[in-house]
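Listed below are the residues making up each chain.
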Amino acid sequence: MIAGRSRKARILGSIGLYTAVAAYVIFALFPLFWTLKISVTPQSLLYSEGITMWPSSATWENYKTVLRATDFPRYFLNSVIVSVVTAVLVTIIASAAGYALSRFSFRGKTTVAVILLLTQTFPLVMVIPPIYRIMGELGLTNSLTGLIIIYTAFNIAFATFLMQSFFDGIPKDLEEAAMIDGCSRSQALRRVIIPLTLPGMGATLGFVFTAAWSELLFALMLISSDSQKTFAVGLLTFIGKFAVDWGQMMAASVLALIPACLFFGFLQRYLVTGLTAGAVKG
Amino acid sequence: MASVTITNVQKNYGAMNVLSAVDLSIADGEFVVLVGPSGCGKSTLLRMIAGLEEISAGEIRIGERVVNDVAPKDRDIAMVFQSYALYPHMDVASNMGFSLMLRKTAKELVFDRVGAAAKRLGLDVFLQRLPRQLSGGQRQRVAMGRAIVRDPQVFLFDEPLSNLDAKLRVHMRTEIKALHQQLKTTSVYVTHDQVEAMTMADRIVVMHDGVIQQVGTPLDLYDHPANLFVAGFIGSPGMNFLPAVVSRNNTEVEAQLSDGQTIAIDPRLLVEDGERVTIGIRPENIEVGSADTLKAKIQVIEPLGLSTQFYTTLADLQVCIYAMGRTDRKPGDTMNIGIKAGDVHVFNPATGQRIDPAA
């Protein structure tokens, strides 16, 4: 707390700060609230009540329909499989690559880094036709494995840079101290570096999971059968030729939020930064 | 405990030569300080002893064993890092016991050794804390503790006190010295601080640009610096250097300064009449207010209580004088100073080497 500032000024400062934070939170969460609101609005009231903050009567009917009468549970499971497998694969590969880029100097290191960066510079839409052809030849269209491979490939570059920065943040001294204390390099990695990189791995896992979870473009292009659709593609089935079933679509969206929330809830403790505080001077 | 023998060791990064042909023998139980300005190669040499840097050429032995190709973990050494490098996810006890645990030492023995080391360092109440919950000084102690728990052949210190504040640094300096007197483990200590080197070392190794300049006891280096670099590096405030020309007549030899004033030097020195030399005089070897003929003009006076530092001009060059007691002189005054012939160090200005008396 800043000395010399009056109590009043401090209180006013706090009020200002919290007002700003609250305004931002409302701004960010309002669309989610609206999704939730529409998902519990009965079909009959959707267009008849005008714009209200909450419908005069709420219903679980949309949820029931989505879970029982549509293929949504299947889409859902597909999304979970694709996202979790992609996130885990990418995190493992990116950790290994990030560690190498951070700790070793090897021939072609700069080239590898530049190529990784290059893959991030052009629009995805551009590569869809060639990828579609390749996957077609390999028999990987309309398959979750195909999606996992593509998502993994497209997320690795960014995830590698992310992991590299986490490894860079861990002082080299710690590894050297461990090696002098009696660790081999792999023991030092396992006992000292990895425990300290868990927040970074958590962040990477979360980032890739979210990216794969909400990916639409590739899923739309590559998946055609109902049994392989992910939920992002599945949401589009609520758009009919003549009408959009908003209630069910929003109910499905709310359900789709749940795994993402659970996932981040689980990761939260690994996302706490500052775990390395106290390692070196300070 | 063991000796450390470094024979013709070199280090190159590509074409860049960081260490050239270093030879050094460190006796069993000796406390050797490697000192020099940053970039002189002292840390590189230490890291080579530790096994953290590859040796480009030459040989390092710990005891009788050549360790060039031995992994750090198998060298039986302990190192204290400048950053302390404590494992942030382990408490103090685990930090200190980590090396023993890796060697699969019995739990009770680890507990005893960690306890004993912690007690010696005054850390017994902090054993369950994480490094981030400790102050800088306590972290430094944990780093020391981690080293002594192992009872290694050699202790390596890489500027371990640089991150502490001045007062704590002086305190820890004494503690490390006391610890060494008890444990008598061979120690190699790297610092850029010549005061640390002087106060702690059995022997000092002065390094500059990857080359050992001189090896000797602290007072050896102080009294007989081998060259201009060592002369200027050791001692605080530093030695004063003045260019002069030798004038020899019969038994008397004098060094004539640029303004014509002369200082008597040791007549046995191997210098010829008319030879250009650089003379070096330590600030405390200049006598103030003597009957001598040298005149210096005071620029700045720094009263230190016990003593006084004068910054004066002599032959257009700044000369620092360190005198005991206090003064009522003022800046701008001219004062008489005297220098004994035996206190004048004479160097060859071209090579920088010390010129000694004929044997």
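Quick note: structure is the one above.
My aim in this report is to walk through the structure given alongside it, one point at a time. If you're wondering where the values come from, they're calculated on a predicted model, not measured in any experiment. Here the residue index of a chain counts from 1 through its sequence in written order. The lettering of chains begins at A and the numbering of ligands begins at 1, in the order of writing. With the structure being a predicted model, the display of local features is reserved for residues of pLDDT at least 70 and the display and counting of side-chain atom pairs for 80 or more, all residues being used for whole-chain, interface and lining totals. The side-chain quantities take in all heavy atoms of the structure and omit both hydrogens and water.

We now examine the overall build of chain B. Labels follow the DSSP assignment, with helices taken as runs of H or I lasting at least four residues and strands as runs of E lasting at least two, numbered in each case from the N terminus. Each helix and strand counted, chain B has eight helices and 20 strands in total. Considering only C-alpha atoms, chain B reaches an extent of 75 × 45 × 35 Å along its principal axes. Pairs of residues are marked as contacts when any of their non-hydrogen atoms sit within 4.5 Å. Taking the contacts inside chain B whose residues are at least 6 apart along the sequence as the reference set, 66% of them involve residues at least 24 apart.

Here we come to the pairing of strand E17 (residues 307-314) of chain B. All names here are of chain B. Within E17, seven of the eight residues are buried, leaving the element largely enclosed by the surrounding structure. Bridge analysis of strand E16 (residues 294-303) against E17 gives six bridges, and the strand direction is antiparallel. Note on E17: the bridge partner recorded for Ile298 is Thr312. Where E16 folds back onto E17 in an antiparallel hairpin, the turn is made up of three residues, including Gly305, whose phi is positive at roughly 90°. We treat two strands as partners when DSSP finds at least two bridges between them. Looking at chain direction, E17 and strand E18 (residues 317-324) are connected through eight bridges and run antiparallel. Bridge pairing in E18 links Thr308 to Ala323. Throughout this description, buried means an accessible area under 20% of the type-specific maximum (1.4 Å probe, protein chains only), exposed means over 50%, and partly exposed covers the range between.

Moving on to the packing of helix H5 (residues 109-118) of chain A against helix H7 (residues 144-168) of chain A. Residue and element names in this part refer to chain A. Put simply, H5 and H7 touch, their axes get as near as 8 Å, and they point 125° apart. Comparing the axis directions of H5 and H7 gives the class oblique. Where H5 crosses over H7, the handedness of that crossing is left-handed. Note on element contacts: H7 touches H5 through Ala157, Thr160 and Phe161, opposite Ala113, Leu116 and Leu117. Broken down by class, the residue content of the contact of H5 with H7 amounts to five nonpolar, one polar and no charged. Only C-alpha atoms enter the line fits that serve as axes; for helices the fit covers just the stretch in contact. Angles between N-to-C directions range over 0 to 180 degrees. Note on terminology: angles under 35 degrees are roughly parallel, angles over 145 are roughly antiparallel, angles of 65 to 115 are roughly perpendicular, and the others are oblique. Two helices crossing with the near one rotated counterclockwise from the far one by less than a right angle form a left-handed crossing, whereas a clockwise rotation gives a right-handed crossing. Amino acids outside the nonpolar list (Ala, Val, Leu, Ile, Met, Phe, Trp, Tyr, Cys, Pro) and the charged list (Asp, Glu, Lys, Arg) are all regarded as polar, and Gly is one of them.

This part takes up the sheet that holds strand E11 (residues 240-249) of chain B. Residues and elements named next belong to chain B. Across the sheet, five strands lie side by side as E13-E12-E11-E14-E20; this open sheet has antiparallel pairing. Each edge of the open sheet carries a strand with a single partner, namely strand E13 (262-264) and strand E20 (345-347). With strand direction ignored, the average angle separating the axes of adjacent strands in the sheet is 40°. Across five bridges, the pairing between E11 and strand E12 (residues 252-256) is antiparallel. Its bridge partner being in E12, Asn249 is matched across the sheet by Glu252.

What follows covers the sheet that holds strand E8 (residues 186-191) of chain B. Residue and element names in this part refer to chain B. An order of E6-E7-E8-E3-E9-E10 is seen for the six strands of this open sheet, with the pairing classed as mixed. The open sheet is flanked by strand E6 (77-80) and strand E10 (211-216), the only strands paired with a single partner. Here the strands of the sheet are splayed against their neighbours by 15° on average, with no regard to which way each runs. Direction of pairing for strand E9 (residues 203-208) relative to E10: antiparallel, over a ladder of five bridges. If you follow Ile204 over to E10, its bridge partner there is Gly216. Along the sheet, helix H4 (residues 136-149) makes contact with E6 and strand E7 (154-158), crossing E6 at roughly 175°.

The quantities given are spatial measurements derived from coordinates; they are silent on function.
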